[in-house]
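# Architecture at a glance
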Amino acid sequence: MTPELDDYINAHISPEPEELYRIDRLTNLRLVNGRMCSGHIQGRILKMLASMIRPKRALELGTFSGYSALCLAEGMQDGAIIDTIEVDDELEDFIRENLSSSPHGGKVRLHIGDAMTVMDQWGADEFDLVFIDADKRRYVEYFNRVIDLVRPGGYILADNTLWDGHVVETCRHSAQTQGIMDFNDLVANHPRVETAILPLRDGLTILRKIK
Ligand SMILES: C[S@@+](CC[C@H](N)C(=O)[O-])C[C@H]1O[C@@H](n2cnc3c(N)ncnc32)[C@H](O)[C@@H]1O
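Residues numbered from 1 in each chain as written. Predicted model: local features only at pLDDT ≥ 70, side-chain atom pairs only at ≥ 80, totals over all residues.

### Concerning the nonpolar core
Threshold: For this entry, the nonpolar core is defined as buried Ala, Val, Leu, Ile, Met, Phe, Trp, Tyr and Cys residues connected by C-beta atoms within 7 Å. With C-beta atoms placed from the backbone, a residue is buried if 20 or more other C-beta atoms are within 10 Å of its own, exposed if 12 or fewer are, and partly exposed between those counts. Each helix corresponds to a stretch of at least 4 residues labelled H or I by DSSP, and each strand to a stretch of at least 2 residues labelled E; elements are numbered beginning at the N terminus.
Ranked by size, the top nonpolar core spans 47 residues in total, and within it Leu-72, Val-130, Ile-132, Tyr-142, Ile-156 and Leu-157 carry the most contacts. Top element by residues in this core is helix α4 (residues 67-75). It accounts for six residues.

See the structure below:
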């Protein structure tokens with residue numbers, strides 16, 4: 001996507017809510033990898049997908065500054081809850097500040113810890129929607145755990161699955177690129193999911209759990 005097309009899309013989609021604009025700005029000012037924040041274009045898609053799927057329970061792996069959790073929460077109905085997991089405890093105060101600045105923060109439950117450990121508290125079919133956006137090297141591991149936590153008919157979204165185009169390069173791949181490629185290969189013909197990829201931003205995979 002060229003910067004011109006990004007600007008055009010930004011100007012022709014629903015405006016970014018003020019608190020999310022502020023969170024994105026603070027994220028880029030305060031954190032080293034600010035570009036990991038979903039941002040306006042992907043954020044409106046996440047909100048739209050949550051409004052379509054209407055999850056009562058959602059789960060996110062990889063909170064970062066809380067931007068995407070708040071977009072998903074915005075699309076969820078009153079009384080719905082999104083659990084979000086972040087391994088970096090230094091981000092906790094910033095995330096909590098951001099959640100409390102949003103009218104949708106009350107729907108978000110933050111867990112600090114490694115996603116694979118935190119997920120041990122949940123059982124089969126608990127979630128209607130899961131958003132995978134943590135360590136790219138571990139996407140296969142996340143998928144293999146999450147597939148049981150999502151109910152049949154529920155959805156799994158996975159971010160960055162085109163990894164800036166590196167997935168089609170023929171040179172030696174980084175561990176992150178390899179992690180994403182292994183995940184893409186796994187879900188392409190997996191018997192328990194239907195698979196689509198939105199070539200949005202860095203690639204957003206949408207999986208529907210069949211069984
Ligand atoms: C790409 S960022 C998430 C961006 C956020 N979802 C958004 O769209 O605004 C990835 C986050 O996952 C976190 N992370 C990495 N490995 C993790 C793990 N094993 N468990 C939980 N969080 C993890 C990182 O610390 C980082 O904050």
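Now that the structure has been shown, we can carry on.
### Details of the environment of Trp-122
In this fold, Trp-122 is placed in the loop between α6 (115-118) and β4 (127-132). Taking the C-alpha atoms as reference, Trp-122 lies 9.8 Å from Asp-148; in sequence the two are 26 residues apart.

### Some points on helix α3 (residues 39-53)
Definition in use: Expected helix span is given by 1.5 Å per residue-to-residue step, counting one fewer step than there are residues. C-beta atoms are placed from the backbone for every residue, and two residues are taken to be in contact when these atoms lie within 7 Å.
Helix length check: α3, at 15 residues, gives a terminal C-alpha distance of 21 Å against a target of 21 Å (1.5 Å per residue), a fit within 8%. Packed against the buried residues of α3 are α1 (3-11), α2 (18-30), α4, β4 and β5 (150-159). Of the residues flanking the end of α3, it is Arg-54, one or two places downstream, whose phi is positive at about 50°.

### A closer look at the sheet that holds β4
Picture the strands of a sheet paired through backbone hydrogen bonds; they go either parallel or antiparallel. The following threshold applies: Between any two strands, at least two bridges found by DSSP are needed for them to pair. Axis definition: a line fitted to C-alpha atoms, limited for helices to the stretch in contact. Angles are taken between N-to-C directions and run from 0 to 180 degrees.
The mixed open sheet is built from seven strands, whose spatial order is β3-β2-β1-β4-β5-β7-β6. Each having just a single partner strand, β3 (108-112) and β6 (193-198) make up the two edges of the open sheet. The sheet shows a mean angle of 15° between the axes of neighbouring strands, taken without regard to direction. As paired elements, β4 and β5 share five bridges and run parallel to each other. Within the sheet, the bridge partner assigned to Val-130 lies in β5 and is Ile-156. This element, helix α5 (residues 92-100), spans β2 (81-86) and β3 of the sheet and lies at about 180° to β3. Across the sheet, helix α7 (residues 139-149) is in contact with β1 (57-61), β4, β5 and β7 (204-209); its angle to β4 comes to roughly 170°.

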